[in-house]
Amino acid sequence: MAIGLYYLKIIIYLAAVNGDQERTVLSKTKSMISNLARFLGTVFFLAICSLSSFAQKDFLDDANAKFNNYQYSAAIDPFKKAYAKEKKPVKKAEILFKTAECYRYINDTKQAEIWYDKAIKAKYKDPIAQLYLADMKKINEKYEEAIVEYEKYKKLVPDDSRGEAGVEACKNAQDWKDNPTRYKVENMALINSPQSDFSPAYAKKDYSILYFTSTRPSSTGKGVDEWTGESFSDLYETKRDRNGKWSEPTLIPGTANGESNDGSPWLNERANEMTFTRCTAEQDKQLVCKICQSRKKGTGWEDVVELPFGNDSSTVGHPSLTEDELTIYFASDMAGGQGGKDIWKSNYDKKTKVWSDPENLGPTINTPGDEMYPFIHADGKLYFASNGHAGMGGLDIFWSDQKEGKWTKPENMKSPINSPGDDFAIIIEKTAERGYFTSNRVNGKGGDDIYMFWLPPLIFTLQGVAYDVDSKQVLPSTTVSITGSNGESMQINTDTAGHYFTKIAQNVTYDLVATKKDYLKDSGTETTVGLTESTDLIHDFYLQSIKVGEIRFPDVLYDLDKYELRPESKDSLDFLYKVLIDNPTIVIELSSHTDSRGSDKYNQKLSQNRAKSCVDYLISKGIPADRMVPVGYGEKKLLVSDAEIAKLETEDEKEAAHQKNRRTVFRVLRDDYVPKAASGR
């Protein structure tokens, strides 16, 4: 602009020169104008190039500055502008990757997937892009595609367990989704907003007050958090009335809510001390997160102090303390961990009033990925969120217990607690499997939402019908005695339809006995041990009348013309032994029969010996001899007559008829037996 103005002044001056010099001046002026035009063209071209380079440098520097200061939402647009201007392939690939990172950090997983894919196609060299692309596909429920990408990452970085963990997670995720656990999950629609609501904490012993974190517009901090593009997060409270309805959330009073981000609270049992996370970021300085504590004074939270964890090069947050407040668990990316953010703990010395140096929970809990949002339950179990252990998508919730001072392998809580999205920040009541957690799963109300969950009690019932074993008629007024391995016992009478019904307990085995006058008892067992779903157990009884005469039981087998018991015959007699044990007042006649072949005298002697061998076996098992009368009937009581057998066409049919006649049976003579010792005789 200054050069142009200078030459414009010269031209105006020359136009005012007198006529004698006009031609000479004009001639010289034309030459000067021609030179000026060429000069200005060169200057303009160089200026445009310089401005373009300057603008490109500004976009990229601005984007990187925001990115490095955790202002991911604000960095996306300048990265895209810088990409449009950049010419070097290596730089373009880097910009694509950082754009994807921004989308990942603000939880826009669909866009993150697109931009990681672009970075890989642009030959971005760091294989982490391959891992993150697989992660995004998994979060977006593209499990088969994700497995392909994880396999590529395994080839690129074979020593990194995250590749194999990703493959395993994808294989498990669909199965967990199709076969969910018994937990029930419900969105807390009354307290959630269109913004992010997360990290609930109990603020009263009876669980009727919840504190949580929210980025809704009523935030204390001014402006917008350029990481998320939402308001700064603050701590809110909501109360449940007698009808179970939660109140409209309000900011907690006092100075615990500052100008930046505050959240992830934990309150002691008296609800007079709160430990929480505070993140602050000054312009062009790194984001710093600290764990703070505040005391309740009156109705407000005051006296905010920082706990001595972390430094300017690391972040700490997500505190959870043990019930005695002497151990704190938290998440941090401080040096000495397993990679990413890890879970650490520190112990408090009451005498010195000093916290110990943080201790990493080790590789059983922590992975090269991120482990965050610990919650230590009153029973000692540790719950936490991780994207390093095999999960369904982003962050999944896991639990681990301590055995002999060591943490057990973390267990995934599966669906419906976990989803393809991020699931984290769980809290659980002391004595019930009920609580709250955070998720950004689909069909929520906002970004992150708070969900309540509970485990419905398992319900087990036992029912059945008592029948007459021969007529199949139902038997009303049959007494069913039920005795549990837990010491529980009860008696139920069947109704007019022969039916009984009762509720039974979990993990108990029950002995069942059905009794009715003029019938033999029937017994059995049922168990709820190992059952993981509510179940209605069915057990019918089939009672044998003692008025019918012959009662058959499993065949007692003998060798031809022999009366010695074969080994398999003893199994048959064990059935009769059980009948006698279950019905201790009956006296029976145990009778043996032959077919009609052979002489009557021979058959009579053989059948008597066979009956006696059966009784002798039962006596050897402990059954009193005076409860059994052995009788051999030979061929006197044929079930199938010789005339009927003669009419049969084949030898096989005839042999089967003879076999029916060769039988050992019993009948009840009376049911008033009293042992001699008991009667005093």
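Note that this is a predicted model, so its numbers are computed, not measured.

Draft legend 1. Geometry of helix α7 (residues 143–156). For α7, spanning 14 residues, the distance from its first C-alpha to its last is 20 Å, which sits close to the expected 20 Å at 1.5 Å a residue. Taken as a whole, α7 has its buried residues at Y143, A146, I147, E149, Y150 and Y153. The inward-facing, buried residues of α7 abut α6 (128–139) and α8 (161–178).

Draft legend 2. Quick peek at the nonpolar core. Core analysis: the biggest nonpolar cluster contains 37 residues, and F79, F97, C102, Y116 and Y150 have the highest contact counts within it. Contributions of two or more residues to this core are made by α2 (22–68), α3 (72–85), α4 (89–105), α5 (109–121), α6, α7 and α8. Excluding its chain neighbours within four sequence positions, the residues that come into contact with C102 are F67, Y72, A75, I76 and F79.

Draft legend 3. The arrangement of the state of the cysteines in detail. All told, the structure shown has one disulfide when counted by the stated rule. Note that C279 is cross-linked by a disulfide to C289, the S-S spacing being 2.0 Å. In this structure, the disulfide formed by C279 and C289 twists by about 110 degrees around the S-S bond and is classed as right-handed. Within this pair, whereas C279 is found in strand β7 (residues 273–280), its partner C289 is found in strand β8 (residues 288–297), the two being separated by ten residues in sequence. Owing to a relative accessible area of 11%, C289 belongs among the buried residues under this scheme.

Draft legend 4. Representation of the packing of aromatic side chains in the model. All told, the structure shown has 26 aromatic pairs when counted by the stated rule. Centre to centre, the rings of Y70 and Y72 are 6.1 Å apart; their planes meet at 85 degrees, and the pair counts as edge-to-face. With respect to class, Y70 is no different from Y72; both count as buried. For the cation-ring pair, K621 lies above Y577, with the distance from its terminal atom to the ring centre recorded as 4.7 Å.

Draft legend 5. Highlighting the confidence of the model for the protein. For the protein, mean pLDDT is 87; residues scoring 70 or higher make up 89% of the total. Across residues 1–34, where pLDDT falls below 50, the model places seven contacts with residues more than four positions away in sequence or in other chains. Segment residues 36–55 is flagged for pLDDT under 50; beyond a separation of four residues in sequence, or across chains, it makes three contacts in the model.

Draft legend 6. Representation of the pattern of salt bridges in the model. Under the defined criterion, the tally for this structure stands at 34 salt bridges. Overlapping salt bridges, with partners in common, bring together E113, K137, K142 and E145 in one network.

Draft legend 7. Expanded view of the packing of α7 against α8. Contact pair α7 / α8: the axes reach a minimum separation of 8 Å and the direction vectors enclose 165 degrees. The orientation of α7 with respect to α8, classified from their angle, is roughly antiparallel. Two packed elements cross with a definite hand, and for α7 against α8 that hand is left-handed. Packed against α7, whose contacting residues are Y143, A146, I147, Y150, E151, Y153 and K154, the element α8 presents R162, G163, E164, G166, V167, C170, K171, A173 and Q174 at the interface. Among the residues making up the contact of α7 with α8, the classes are represented as eight nonpolar, three polar and five charged.

Draft legend 8. Focus on the pairing of strand β35 (residues 663–670). One ladder, built from two bridges, connects strand β32 (residues 551–552) with β35; its direction is antiparallel. Across the sheet, the residue bridging to I551 is F666, located in β35. Bridge analysis of strand β33 (residues 587–593) against β35 gives seven bridges, and the strand direction is antiparallel. From the neighbouring strand, E589 faces β35, where its bridge partner is R667.

Draft legend 9. Quick look at the environment of I365. In this structure, I365 sits in the loop between β14 (359–360) and β15 (371–376). In this structure the C-alpha to C-alpha distance between I365 and F398, which are 33 residues apart in sequence, comes to 9.5 Å. Excluding residues within four positions of it along the chain, I365 makes contact with I343, E371, L382, F384, H389, S400, W407 and P410.

Draft legend 10. Just the sheet that holds strand β5 (residues 250–251), in detail. On the basis of which strands lie adjacent, the open sheet formed by four strands has the order β2-β3-β4-β5 and antiparallel pairing. If you trace the sheet from one side to the other, it starts and ends with β2 (197–202) and β5, each paired once. Bridge count for β2 against strand β3 (residues 209–214) is four bridges, and the pairing is antiparallel. Residue pairing across strands places F198 opposite T213, the latter belonging to β3.

Parameters at a glance
- Residues numbered from 1 in each chain as written.
- Predicted model: local features only at pLDDT ≥ 70, side-chain atom pairs only at ≥ 80, totals over all residues.
- Heavy atoms only, no water.
- Helix = DSSP H or I, 4+ residues; strand = E, 2+ residues; numbered from the N terminus.
- Expected span 1.5 Å × (residues − 1).
- Buried < 20%, exposed > 50% of the residue type's maximum accessible area, 1.4 Å probe, protein only.
- Contact = heavy atoms within 4.5 Å.
- Core = buried A, V, L, I, M, F, W, Y, C linked by side-chain atoms within 4.5 Å.
- Disulfide = S-S within 2.5 Å.
- Phe/Tyr/Trp six-rings, centres within 6.5 Å; stacked < 30°, edge-to-face > 60°.
- Lys NZ or Arg CZ within 6 Å of the ring centre and 35° of its normal.
- pLDDT = per-residue confidence, 0-100.
- Salt bridge = Lys/Arg side-chain N within 4 Å of Asp/Glu carboxyl O.
- Axes fitted to C-alpha atoms, helices over the stretch in contact; angles between N-to-C directions.
- Parallel < 35°, antiparallel > 145°, perpendicular 65-115°, else oblique.
- Left-handed = near helix turned anticlockwise from the far one by under 90°.
- Nonpolar A, V, L, I, M, F, W, Y, C, P; charged D, E, K, R; others polar.
- Pairing = 2+ DSSP bridges.

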